[in-house]
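Take a look at the letters that make up each chain.
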Amino acid sequence: MVVDKKILDELSSRAKDSTRLRCNLDMRNSVDDKSQRMLNALEPGTVMPIHRHKDTSETCVCIRGHFEEYFYDEEGRLTETIDMVPGGAVLNNEHGQLHSLNG
């Protein structure tokens, strides 16, 4: 799969129309693939609650726009904020890491 402007624009349009203000494109090879390989479109105002992936890691890259990724300790206290912009950081959230984001 090649992710081009057309795919990004369509995903963003679907996110804008969603009550959650986000939409994802599943990029896994099969339903048996347990990776977190998704392309997410997040619109301003979306709420991503604090969560963790117990069995998988998650890589985050900002292709366009802007969001902040938040990391928490086991008591739910904010420990770090990473500003995500195109051409900026690439994050690898290890499995079990509590995190959320603000789009």
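Structure first, text after, so check above.
Below: a short report on this structure.

Cut-offs and rules
- Residues numbered from 1 in each chain as written.
- Predicted model: local features only at pLDDT ≥ 70, side-chain atom pairs only at ≥ 80, totals over all residues.
- Heavy atoms only, no water.
- Pairing = 2+ DSSP bridges.
- Helix = DSSP H or I, 4+ residues; strand = E, 2+ residues; numbered from the N terminus.
- Axes fitted to C-alpha atoms, helices over the stretch in contact; angles between N-to-C directions.
- 1 Å grid on protein atoms, 1.4 Å probe; cavity = no way out; pocket = protein on both sides within 12 Å on 5 of 7 lines; lining within 4 Å.
- Points joined across faces, edges and corners; volume = space filled by probe spheres on them.
- Nonpolar A, V, L, I, M, F, W, Y, C, P; charged D, E, K, R; others polar.
- Buried < 20%, exposed > 50% of the residue type's maximum accessible area, 1.4 Å probe, protein only.

## Details of the sheet that holds strand β5 (residues 67–72)
- Taken together, the four strands give an open sheet; going across it, the order is β3-β8-β5-β6, and neighbouring strands pair in antiparallel fashion. Edge positions in the sheet fall to β3 (47–51) and β6 (78–84), since each has one partner strand and no second. In this sheet, neighbouring strand axes are inclined to one another by 20° on average, regardless of whether the strands run parallel or antiparallel.
- In the sheet, β5 pairs with strand β8 (residues 98–102) via five bridges, with the strands oriented antiparallel. Bridge pairing in β8 links Glu68 to Asn102.

## Re the layout of surface pockets
- Volume-wise, the largest pocket comes out at about 960 Å³.
- Forming the boundary of the largest pocket are 35 residues, of which Leu39, Asn40, Ala41, Leu42 and Val61 lie nearest the centre.
- Among the elements of the structure, α1 (5–17), β1 (22–26), β2 (38–42), β3, β4 (58–61), β5 and β8 are those that each provide at least two residues to the lining of the largest pocket.
- The dominant element in the lining of the largest pocket, judged by the number of residues it contributes, is β2, at five residues.
- Split by residue class, the lining of the largest pocket holds 15 nonpolar, 13 polar and seven charged.

## Some thoughts on the pairing of β5
- The buried count for β5 comes to five of six residues, which makes it a mostly enclosed element.
- Taken together, the six bridges between β5 and β6 define a ladder with antiparallel strand orientation. Bridge pairing links Glu68 to Asp83 in β6.
- Counted between consecutive antiparallel strands, the loop separating β5 from β6 contains five residues, among which Gly76 sits at a positive phi close to 85°.

Everything listed is a geometric property; what it means functionally is a separate question.
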